[in-house]
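Here is how the chains run, residue by residue.
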Amino acid sequence: MTPRLMFSLFAGVAALIVLLNSVFIVRETNQAIVVSLGKIDRVIAEAGIHFRVPFFQQVLVIDRRILASSAEPEEVLTKDKKRIVVDSFTRWRVLDAKKFYEAVRSESNARARLNSIVDSLLRSQIANVTLEDLSTAKRDEVMTAILAQANKEAAPLGMSVVDVRIKRTDLPEANAQAVFNRMRTEREKEAKEIRAKGDEEAQKIRANADKERTILLAEARKQSETLRGQGDAEATKVFARAHSQDPAFYGFMRSMEAYRASLANPEKLILVDPSVEFLRPLRGSTN
Amino acid sequence: MTNSTKFSARPLAMAAEGPWGQKGKPTPKPRPSQQPTPAADEVPDLEKLWQDTQQRLLHTLRGGRGGNGGGNGDGTPPGGSGDGLFGYGKKFWQLVGGGVALLWLISGFYIVAPDEQGVVTTFGNYSRTAGPGPNYRLPWPFEQVQIVRVTSENILQVGFRTETGGLFSGGDPASVGRDVPSESQMLTGDENIIDLDFTVRWRVADPEQFLFNVADPEQTIRDLAESAMREVIGRNPIDEAFNNRGLIQVAAKEVMTAVVARYGLGIEITGLELQQVNPPQEVLDAFRDVQAAQADAEKAQNQAQGYANDILPRARGEAAQMIQAAEAYKAARVAEAQGLADRFASQRAAYAQAPEVTRRRIYLETMEEVIQKANVIMVSNPQQMSVLPYLNLPQLNRGAAAATATTNLGGN
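As the structure is a prediction and not an experimental result, all values here were calculated from the model.

A.B. asks: For this particular structure, what's the right way to read the overall build of chain B?
C.D. replies: Helix and strand content of chain B: 12 helices and 12 strands. Split into buried and exposed, the 412 residues of chain B put 29% on the buried side. The long-range share in chain B, meaning contacts at least 24 apart out of those at least 6 apart in sequence, stands at 65%.

A.B. asks: Sorry if this is basic, but what is going on with the environment of Ser135 of chain A here?
C.D. replies: By the secondary structure assignment, Ser135 of chain A is in helix H4 (residues 131-135). It is 8.7 Å that separates the C-alpha atoms of Ser135 of chain A and Thr169 of chain A, two residues lying 34 residues apart in sequence.

A.B. asks: Sorry, what's going on with the packing of helix H7 (residues 247-263) of chain A against helix H10 (residues 355-373) of chain B here?
C.D. replies: Pairs of packed helices are described in terms of their axes, by the angle between the two and the distance that separates them. In the contact formed by H7 of chain A and H10 of chain B, the axes pass within 9 Å of each other and the chain directions differ by 10°. Judged by the angle between their axes, H7 of chain A and H10 of chain B are roughly parallel. Touching Phe252, Met256, Tyr259, Arg260 and Leu263 of chain A of H7 of chain A are Arg359, Ile362, Tyr363, Thr366, Glu369 and Val370 of chain B, all from H10 of chain B. Residues of the contact of H7 of chain A with H10 of chain B, tallied by class, amount to 7 nonpolar, 1 polar and 3 charged.

A.B. asks: Would you take a moment to explain the confidence of the model for chain A for this structure?
C.D. replies: Interpretation of the predicted coordinates at a detailed level should be avoided for regions scoring low in pLDDT. Chain-level statistics for chain A give a pLDDT mean of 86 and a share of 94% at 70 or above. Within chain A, helix H6 (residues 173-243) of chain A carries the highest mean pLDDT (91), whereas helix H8 (residues 280-286) of chain A carries the lowest (56).

A.B. asks: Looking at this structure, I do not really get the interface of chain B and chain A. What am I missing?
C.D. replies: How big an interface is tends to be stated in terms of accessible area lost as the parts join. With 93 residues of chain B in contact, the opposing surface of chain A contributes 90 residues. Broken down by secondary-structure element, the contributors of at least two residues to the side of chain B that touches chain A are strand S3 (125-130), strand S9 (185-187), helix H6 (217-235), helix H8 (245-263), helix H9 (284-353), H10, strand S12 (375-378) and helix H11 (393-398) of chain B. With 41 residues, H9 of chain B is the single largest residue contributor to the side of chain B that touches chain A. Of the residues belonging to the side of chain B that touches chain A, the class tally is 50 nonpolar, 22 polar and 21 charged.

A.B. asks: What is the right way to read the pairing of strand S10 (residues 193-204) of chain B from this model?
C.D. replies: Residues in a regular strand project their side chains so that they alternate between the two faces of the sheet. Residues and elements named next belong to chain B. The element S10 is largely enclosed, with a buried count of 9 among its 12 residues. Of the pairings in the sheet, the one linking strand S6 (residues 154-158) to S10 comprises 5 bridges and is antiparallel in character. Residue pairing in the sheet places Gln157 in a bridge with Thr199 of S10. Of the pairings in the sheet, the one linking S9 to S10 comprises 3 bridges and is antiparallel in character. Bridged to Met186 within S10 is Ile194. Between S9 and S10, which pair antiparallel in sequence order, lie 5 residues; one of them, Glu191, sits at a positive phi of approximately 60°.

A.B. asks: Please explain the sheet that holds strand S3 (residues 39-44) of chain A as it appears in this structure.
C.D. replies: Either a parallel or an antiparallel arrangement is found when strands of a sheet pair, and the pairing is made through backbone hydrogen bonds. Residues and elements named next belong to chain A. One open sheet accounts for 3 strands, arranged S3-S2-S5; its pairing is antiparallel. The two strands at the open ends of the sheet, each matched to only one other strand, are S3 and strand S5 (57-63). Recorded for the sheet is a direction-independent mean angle of 25° between the axes of neighbouring strands. Sheet analysis places strand S2 (residues 30-36) next to S5, joined by 7 bridges and oriented antiparallel. From the neighbouring strand, Ala32 faces S5, where its bridge partner is Val61.

A.B. asks: Quick question: what am I supposed to make of the sheet that holds strand S5 (residues 143-149) of chain B here?
C.D. replies: All names here are of chain B. The strand order across the open sheet built from 3 strands is S3-S2-S5, with neighbouring strands paired in antiparallel fashion. Either end of the sheet is taken by a strand with one partner, and the two such strands are S3 and S5. In this sheet, adjacent strand axes meet at a mean angle of 25° when their direction is disregarded. Relative to S3, strand S2 (residues 116-122) runs antiparallel, the two being bridged by 5 bridges. Note that in S3 the partner of Val120 across the bridge is Arg128.

A.B. asks: Before we go on, may I ask you to explain the confidence of the model for chain B in this structure?
C.D. replies: All names here are of chain B. For chain B, the average pLDDT comes to 76, and 69% of its residues sit at 70 or higher. Note on residues 64-82: pLDDT is under 50 here. Beyond four places in sequence and across chains, it has 16 contacts. Of the regions scoring below 50 in pLDDT, residues 398-412 engages in 8 contacts with residues more than four places distant in sequence or in other chains. Interface scoring of the predicted complex returns ipTM 0.70; its pTM is 0.62.

A.B. asks: Explain unusual backbone geometry here, please?
C.D. replies: Generally, phi is negative for residues other than glycine and the peptide bonds are trans, each holding for most cases. Residue and element names in this part refer to chain A. Not every positive phi belongs to a glycine, and Leu37 is a case in point at roughly 50°. Along the chain, Leu37 falls in the loop between S2 and S3. Overall, Leu37 belongs to the exposed group, with 9 C-beta atoms counted inside 10 Å. With a phi angle near 70°, Arg105 is a residue other than glycine that sits in the positive phi range. Mapping Arg105 onto the fold places it in the loop between helix H2 (97-103) and helix H3 (107-126).

A.B. asks: Explain the nonpolar core to me, please; I cannot follow it from the model alone.
C.D. replies: As a rule of thumb, nonpolar side chains are buried together in soluble globular proteins. Of all hydrophobic cores here, the largest spans 81 residues; its most connected members are Met159 of chain A together with Ala225 and Met256 of chain B. Non-local contacts of Ala225 of chain B, meaning those with residues more than four positions away in its chain, are made with Leu156, Val158, Val200 and Met256 of chain B. Membership of the second largest hydrophobic core comes to 9 residues, among which are Ala191, Ile205 and Ala209 of chain A together with Ala300 of chain B.

Reading the values: rules and limits
Residues numbered from 1 in each chain as written. Chains lettered and ligands numbered in written order. Predicted model: local features only at pLDDT ≥ 70, side-chain atom pairs only at ≥ 80, totals over all residues. Helix = DSSP H or I, 4+ residues; strand = E, 2+ residues; numbered from the N terminus. Buried ≥ 20, exposed ≤ 12 C-beta atoms within 10 Å, placed from the backbone. Contact = placed C-beta atoms within 7 Å. Axes fitted to C-alpha atoms, helices over the stretch in contact; angles between N-to-C directions. Parallel < 35°, antiparallel > 145°, perpendicular 65-115°, else oblique. Nonpolar A, V, L, I, M, F, W, Y, C, P; charged D, E, K, R; others polar. pLDDT = per-residue confidence, 0-100. Pairing = 2+ DSSP bridges. Core = buried A, V, L, I, M, F, W, Y, C linked by C-beta atoms within 7 Å.

The following block contains the structure:
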C-alpha cells in the first residue's frame, strides 16, 4: 500500500468523523439545546437535520411530547376530616427548553419537582373541600384550581402542566372496612324491610281472603233464610186458603190428629171420666 | 424514552421480502436516473437500474477475473496485479459497490397493510403519511417509516386482565380473567365502594399525532380511562352504577373523549363498555341477601295468594250449596203444603156429604187408637179423683200393659 493511498484513507476517515460530529438529527418528538462549552447557544424546536461546530458544541435532546408523571398515592385529609388515598397523575410538557435546562436539567429532576408541587397543591386544595364535594360538584373546580396553580409554579421551570387528574380516590384500609360494614348494615336493613313488607302483603292477602269468605257465607246464609222464609210463607198461605173454607172441620181434624200424635203412647197415663162420648155406649149397655 | 422501534421493526422485515416480486411494475414516482440522491419524494427507476447492473455484470465477468466473486475481501491476496485491492480488479470492486448500493436502495421499499398507515420522517422531521400498499422511502439514514395500525381496534381492559390480555391483544372483552382490585374498586358519590370492570376500545385516528404528541400513549389512555371512570362513578350514587350502566358508559366515554382531544393523542375512543358491576367481595353476601329477601317476599305473597285461591272457591261452593238447599226447602215446603191443602180439600168434600156420621167415625177411630196405646184409668166419680195423689203412679205404669189388654178386651 502506497503512502499516498494511506494518507487519502486517513483523510477520508477524519473527514467522516468531523462530518458526523457536525451533523445531528432532531426527531419529531424532540427538541434540542446546543451547548457551547457549557453555555446555552440556541434552542432547536424544529425537527430535521441540523449542524453544530464539531467537538465544541454539544447537543442535548429534550422531549417535546406530553410527558407523564405520577406521584406515589398519598393519604390526604378532607375538610370533614376524612382520610382518603389520592393517586393522581400529571401530564406536562417542556415549554421553554432553555429555562427547563437551566432549572432542572433532566426529566427525572423535572418529575420530582412537579410531583412535589402537585402533591402539596392536592393537599391544600383537598383540605378545603369535603369528601362529598370532592366526589361531586366541586371536583372540577378543585382540579381546575390545582392545574392553574401548578402551571404558575411550573412556569419558572420551563414546564407547562397540561393536566392534573385524580386517578383514584380511595379510602384507607381502616376506613374501607368501616364503609364495608356500613354497606353491609344498609343492605341488611333493606333486606329486612323487604321481607317484612312481603309478610305484610301476604297477611293482607290472607286477611282479605278470610274476609271475603266470611262475607260470602253470610250473604249465602241470608239468602237461604230468605228463601226458607218465602217457602214457609207460601206454605202458610196455601194452608190458610184451604182451611179457611171450613174452619170447624179443620179444627176437628187437627184435634184428632193431635190426639193421635200426643196421646197414643204407652208412656201416657190417662184418667178418663166414663161419661165422655167415647164411653157413653158402654155405660148405656150396663144401665 | 421513545418506543419507535416497536413500529419500525416491522417494515424492515417486509421491505426485505416484498419488492422482488414487483420488479416489472412501475414504481409510484419513476425517475430516469439510477443514482441515489438524498432528495425526498424521489424514487429511482428500479427496472433501469437492474438492467444497467446486469449489463455491467456481464461486462465485468467477460473482461475481469473469474473465481470467488462472492467473497468480500477474505480471499488471500495473490500479490501481482497493481491496479486493484487485495488482488481484485477495479471492475470487481465496482461490482461489489454497485451491489451494496442496490441492496441499500432496495431496503427503502416497505409495504403498508390495509389496516395500517406509514408515517415517514426525513431526518426525524415529519414528511408524509403513506397509505396501504407498496411504498418507497429513501433508505437509512435519510428517511424512516413508522407503521401504525389505524383501522383495527385496540382493547384496553381496566379492572381485570384476560390471560392473553395485553394492550394490543384483541381478546374477547366479555371473558373475564384475573381481577385487578386496585383498578376495579372505586368510591361512589354516596361513599360506598363498588367493584367494576370495563373495557375501552380505541383506534388510532391520526398516526402523526399518535406518534409525536404524547409520550407513551398507551399508558396515557389507561390512566385516562381509570380517572374518567372514577370521576363518573364518584359523581353518582351506588344504585345508579348498578341500574344505569348505559348512562355511566356514555358519561365516562365523554370525559375520555374530551381529554383525548385536549392532549392531541390522535386516537378515537370507539367504545367503552362496563363488563361487571358488583359490590365489593367483602359485602357481596349482604347484597345477595337483598335479592334473596326479594324472593322471600314474593314467596310469602304467593303463598298467601295461594291460600286465598284455595279458600275462596270453596267458600263460593259452600254458599251456593246453602242457597240451593234453601231453594230446595222452599220448593219442598210449598209443594208439601199444596199437597196437604189438596188432601184437606178432598176430605172436606167427602165430609160435607155426611158430616155427622163422618165426624163420629173419625172421632171414634181416633179414640180407639189413643186408648189402645195409652194407659187409661177410668174414674167414674169425680170425687174419686182425690185418691189420685196416693196412687203409685210408676207402679201403675209398670202394670200398664196388662191394664191395656184388659181395657182392650172390654172395649171390643
